[in-house]
Amino acid sequence: MTNETRLQKIIAAYTPLDYSKIDLTKTIKDKYIAAEFKDDFCNDICLVWTSINSTSLHNDMFVKLKTGQDLLKILNYILI
């Protein structure tokens, strides 16, 4: 399973959409995940990618990291 698919599946858990319908180029906040679920979303990401800095992710989510592609850049950098 690719990182893209993993991230789509995490995002899909917060929406009624099938994971294959999640467009990672779109802004995540309010399109897929309401701002009040930001911490839960970050926690779910940290469960899958344990080497990510959880505090940094929580602080950057929806501020610096706006799209799924933004998240993938971070995740791919960590995994290299």
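None of these values were measured; they are calculated from a predicted model.

(A) The overall build of the protein, seen in detail. Along the backbone of the protein there are 4 helices and 0 strands. Beginning at the N terminus, the succession of helices and strands in the protein can be written as α-α-α-α. Relative to the compact-globule value of 12 Å for 80 residues, the protein shows a C-alpha radius of gyration of 11 Å, a close match. Along the longest, intermediate and shortest principal axes, the C-alpha atoms of the protein span 30 × 30 × 20 Å. Taken across its 80 residues, the protein has 38% of its residues classed as buried. Sequence separation of at least 24 residues holds for 50% of the intrachain contacts in the protein that already meet a minimum separation of 6. Of the roughly 4900 Å² that the protein leaves accessible, carbon and sulfur atoms contribute 51%. Averaging the positions of the 10 positive and the 10 negative side-chain charges in the protein gives two centres separated by 5 Å.

(B) Just the packing of helix α1 (residues 3-12) against helix α2 (residues 38-48), in detail. α2 packs onto α1 with a crossing angle of 145° between their chain directions and a minimal axis gap of 10 Å. With respect to the hand of their crossing, α1 and α2 are arranged in right-handed fashion. Residues R6, L7, I10 and I11 of α1 lie in contact with α2, whose contacting residues are F41, D44, I45 and V48. Residues that form the contact of α1 with α2 fall into these classes: 6 nonpolar, no polar and 2 charged.

(C) Representation of the confidence of the model for the protein. Looking at the protein as a whole, the pLDDT averages 92, with 96% of positions reaching at least 70. When pLDDT is averaged over each helix and strand of the protein, the minimum, 83, is found for helix α4 (residues 68-79) and the maximum, 96, for α1.

Reading the values: rules and limits
- Residues numbered from 1 in each chain as written.
- Predicted model: local features only at pLDDT ≥ 70, side-chain atom pairs only at ≥ 80, totals over all residues.
- Heavy atoms only, no water.
- Helix = DSSP H or I, 4+ residues; strand = E, 2+ residues; numbered from the N terminus.
- Rg over C-alpha atoms; globule rule 2.2 N^0.38 Å.
- Buried < 20%, exposed > 50% of the residue type's maximum accessible area, 1.4 Å probe, protein only.
- Contact = heavy atoms within 4.5 Å.
- Areas by Shrake-Rupley, 256 points an atom, 1.4 Å probe, with all protein chains shown as cover.
- Lys, Arg positive; Asp, Glu negative; His and termini not counted.
- Charge placed at Lys NZ, Arg CZ, Asp CG, Glu CD.
- Axes fitted to C-alpha atoms, helices over the stretch in contact; angles between N-to-C directions.
- Left-handed = near helix turned anticlockwise from the far one by under 90°.
- Nonpolar A, V, L, I, M, F, W, Y, C, P; charged D, E, K, R; others polar.
- pLDDT = per-residue confidence, 0-100.

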